[in-house]
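# Chain and residue survey
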Amino acid sequence: MAPTDETAQVPRQESPLGTPPSDRTPASDGAVPAARMPRWLPRAMVLALALIAVFQLGSWAFHQLTSLLINVLIAFFLALAIEPAVSWMASRGMRRGLATFLVFLGLTIAVAGFVTLLGSMLAGQIVKMVEGFPAYLDSLINWINSTFHTHLRRVDVQDSLVHSDWLRKYVQNSATGVLDVSAQVLGGLFRLLTVALFSFYFAADGPRLRRALCSVLPPARQAEVLRAWEIAVDKTGGYLYSRGLMALISGIAHYVLLEALGIPYAPVLAVWVGLVSQFIPTIGTYLAGALPMLIAFTVNPWYAVWVLVFVVIYQQFENYMLQPKLTARSVDIHPAVAFGSVIAGTALLGAVGALIAIPAVATLQAFLGAYVKRYAVTDDPRVHGHRPRGSGSAAVRLRRFFPR
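Rules and cut-offs
- Going along each chain's sequence as written, the residues are numbered from 1 onward.
- Side-chain atom pairs in this predicted model are given and counted only at pLDDT of 80 or more, local residue features only at pLDDT of at least 70, and totals for whole chains, interfaces and linings cover all residues.
- In computing side-chain values, all of the structure's heavy atoms are included and hydrogens and water are not.
- Site definitions follow a grid-based scheme: protein atoms alone, a 1 Å grid, a 1.4 Å probe that fits but cannot get out for cavities, and for pockets an open set with protein on both sides within 12 Å along at least five of seven lines, plus lining residues having an atom within 4 Å of a point.
- Grid points are joined across faces, edges and corners, and a volume is the space filled by probe spheres set on the points.
- The numbering of helices and of strands both runs from the N terminus, where a helix is a DSSP run of H or I of at least 4 residues and a strand a run of E of at least 2.
- Residues are grouped as follows: Ala, Val, Leu, Ile, Met, Phe, Trp, Tyr, Cys and Pro are nonpolar; Asp, Glu, Lys and Arg are charged; all remaining types, including Gly, are polar.
- For each residue, the accessible area found with a 1.4 Å probe, counting protein chains only, is set against the maximum for its type, and the residue is called buried under 20%, exposed over 50%, and partly exposed in between.
- By the counting rule applied here, Lys and Arg register as positive and Asp and Glu as negative, while His and the ends of each chain are not counted.
- A pairing counts as a salt bridge when a side-chain nitrogen of Lys or Arg comes within 4 Å of a carboxyl oxygen of Asp or Glu.
- Here a residue-residue contact requires only that any non-hydrogen atoms of the pair lie within 4.5 Å.
- The span you would expect from a helix comes to 1.5 Å times its residue count less one.
- Only the six-membered ring of Trp is used, alongside the rings of Phe and Tyr, when aromatic pairs are assigned; centres must lie within 6.5 Å, and planes under 30 degrees apart are stacked while those over 60 apart are edge-to-face, with the rest tilted.
- Patch definition: residues above 30% relative accessible area lacking any salt bridge, with like charges linked at up to 9 Å and the nonpolar side chains Val, Leu, Ile, Met, Phe, Trp and Tyr linked at up to 5 Å.
- The method behind every accessible area is Shrake-Rupley, applied with a 1.4 Å probe, and residues are considered shielded solely by the protein chains displayed.
- Grouping buried Ala, Val, Leu, Ile, Met, Phe, Trp, Tyr and Cys residues that are joined through side-chain atoms within 4.5 Å yields what is termed a nonpolar core.
- You can read pLDDT as the predictor saying how much it trusts each residue, on a scale of 0 to 100.
- Comment: arc refers to directions from the helix axis out to C-beta atoms.
- Under this definition, polar contacts are N or O atom pairs within 3.5 Å; protein pairs additionally need one hydrogen-donor-capable and one acceptor-capable atom, and for neighbouring residues in sequence, both atoms have to be side-chain atoms.

By volume, the largest pocket amounts to about 2,000 Å³. Surrounding the largest pocket, 42 residues form its lining, Leu-78, Leu-107, Val-111, Leu-192 and Leu-355 being those nearest its centre. Every element with two or more residues in the lining of the largest pocket is listed here: α3 (66-91), α4 (96-131), α8 (178-204), α10 (219-261), α11 (266-279) and α15 (351-369). Among the elements that make up the lining of the largest pocket, the one with the highest residue count is α4 (11 residues). Classifying every residue of the lining of the largest pocket by side-chain character gives 36 nonpolar, five polar and one charged.

See the structure below:
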C-alpha cells in the first residue's frame, strides 16, 4: 500500500542536537547519570561492623572475667613473694613442688593458728560482756536516775527492749540476710582457693613458665623479660619482708604496752595490731587499734585512752622514722610515690590494688631506670635549693615588670 500524500509530507522531528529521538540517551535529557558504588565500600562496612562486634564481645568478656583476672594477679604477686624461699629450698636439692607445698603449709598453719586464737579471744570477750551486761545496765540506770531525777528500773528497760519494734525488725532483717552472708562466705572461700591454686602453680612451675614465655621471644627480648622477672621477685619479696619486719616491731611494742596495762589476751592483740596495721593499707592502722581499745575499755575506760595515745604516737614514729629506712633498703621507692601508688591502686582495684601497688611501682621504676639515660648534674646552686641573694625579693620582681 502506497503512502498517502499527507503521511509522506509529515516532517521528521529531530532533536535540538540533530539526533533522532530514538537515538537519544538519558543523559541527553539533562538527567544526572547514576554514580556507581565503590567496590571497597561494602568491604569497609562489613569490616567496621565486624570490629564493633569484636569490641563489644571483648568488652563483655573482660567484664565477665574481671574477678578471675584479679585473682590471677594476686596469685602472681604471692608467687613472687614466696619465690626466694622456694628457690632457696630448691637449690638445696628439694623439688620445687615439695618446697612450694612446705611454704604453703607453713603459711596455712600460721594463719589458722592466728585465726583460732583471735576467735577464742573474741568469743571469750563477748561472753564476758554478755555476763556483765546487767551490771553495766544497772550502773547506767543509776547514773541516769541520779542525774536527771528519774525512776527507771532495769526490768522496765529490758521489757521495753525485748518488746520493741526496732528489735523485732532487726531480728527479721538478720534472718533474711543469713543467706546473703552465707553466699558471701562461700564466694570468699572459693576465691581464696582459686588464688592459692594459681599461686602454687606459678611458684612450683616458675622455671617452666619462664621457658614458655621466653620461647616466643627473640634472644634480646628474653634477657629483658628474665631481668624484669628477677626485679619483680626482689621488689615484691623485699616489700613483704619489710612489712613483716615492721609488723614484728609493732607487735612487740604494743604487746609491752598491753601487758603493762594488764589487758587480757595481750599476745593475740599484739599480733593483730602488727599484721592488720601493715598489710591493710590506709585504714589498717585504725582497724588495728580499734580492737585493743575495745578490750581495754572493758577493763578500764582510761586504759582505752592510753592505748589510743600510744597508737597515735607509734604511728608517727613508724611513718617518719621506721618505714622510710626499711622501705628505702628493701623497695627503694620515695614515700610520696608510694603514697600516690597506693591511692591509684585503690582507685583501680580496691584493697587488692592498694596491697600490690607499691611492689608493682617499685618493679616498674627499677626496670625503667636501667633504660633511662642520665646525665651529670650541673653545679648550679639552684639545684641544691640555694637561690641568689635578692632574686626573690618583691623589689626585684617589681623592677622586672616595671622597668625604668
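Locating Arg-243 in the fold gives a position in helix α10. For the buried Arg-243, no salt bridge is present, and the opposite-charge side chain at shortest range is Glu-318, 5.2 Å distant. Among all residues touching Arg-243, those that are not within four sequence positions of it are Gln-278, Phe-279, Gln-323 and Ile-358.

The next point concerns α10. Along its 43 residues, α10 runs 63 Å from first to last C-alpha, staying within 8% of the 63 Å computed at 1.5 Å per residue. Once α10 ends, the next one or two residues include Gly-262, with phi positive near 75°.

Our focus in this paragraph is the packing of aromatic side chains. Under the definition given, this model contains nine aromatic pairs. Arranged with centres 6.1 Å apart and planes meeting at 65°, the rings of Phe-104 and Phe-200 form a pair that is edge-to-face. Taken together, the positions of Phe-104 in helix α4 and Phe-200 in helix α8 put the pair 96 residues apart, joining distant regions of the chain. Relative accessible area serves as the criterion here: at 15%, Phe-104 is assigned to the buried category.

A surface patch of nonpolar side chains, amounting to about 510 Å² of accessible area, comprises Leu-245, Leu-248, Ile-249, Ile-252, Tyr-255 and Val-256. On the secondary structure map, Val-256 appears in helix α10.

Soluble globular proteins tend to pack their nonpolar side chains together in the buried interior. Counting 20 residues, the largest nonpolar core has Leu-118, Ile-263, Leu-269, Trp-272, Leu-291 and Val-307 as the members making the most contacts within it. Those elements giving two or more residues to this core turn out to be α4, α10, α11, α12 (284-299) and α13 (301-330). If we ignore the near neighbours within four places in the chain, the residues touching Leu-118 are Val-268, Trp-272 and Leu-291.

So, about empty space enclosed by the protein. A probe as big as a water molecule, rolled over the atoms, marks out the empty space that is left. Counted by the stated rule, this structure contains three cavities of 30 Å³ or more. Taken as a whole, the largest cavity spans an internal volume of roughly 60 Å³. Looking at the lining of the largest cavity, the elements that each hand over two or more residues are α10, α11, α12 and α13. If one sorts the elements of the lining of the largest cavity by residue count, α13 sits on top with four residues. Residue classes in the lining of the largest cavity are distributed as four nonpolar, six polar and one charged.

Note that predicted coordinates carrying low pLDDT should not be read in detail. Taken as a whole, the protein shows an average pLDDT of 76; of its residues, 76% reach a score of 70 or greater. Long-range and interchain partners of residues 15-19, a stretch whose pLDDT sits below 50, account for four contacts in this model, where long-range means more than four residues apart.

Among all positions in helix α9 (residues 206-214), only Gly-206, Arg-210 and Cys-214 are buried. End-on view of α9: buried residues confined to an arc of 65°, all on one side of the axis. For α9, exposure combined with an orientation more than 90 degrees from the buried face picks out Arg-208 and Arg-211.

By the element assignment, Leu-122 lies in helix α4. When the C-alpha atoms of Leu-122 and Ile-295 are compared, they prove to be 9.3 Å apart, with 173 residues separating the residues in sequence.

Along the polypeptide, His-254 turns up in helix α10. A distance of 2.8 Å separates a polar atom in the side chain of His-254 from the backbone oxygen of Ser-250. If sequence neighbours within four positions are ignored, His-254 has contacts with Val-273, Phe-310, Val-311 and Tyr-314.

Another point: the pattern of salt bridges. In total, this model carries two salt bridges according to the counting rule given. Between Arg-96 and Glu-83 there is a salt bridge, and its shortest N-O distance comes to 3.1 Å. Taken together, the residues Arg-96 in helix α4 and Glu-83 in helix α3 connect sequence positions 13 residues apart. Of the two residues examined, Arg-96 and Glu-83, each falls in the buried class. The shortest N-O distance in the salt bridge between Arg-221 and Glu-224 comes to 3.2 Å. Separated by three residues within a single helix, Arg-221 and Glu-224 lie in helix α10, roughly one turn from each other.

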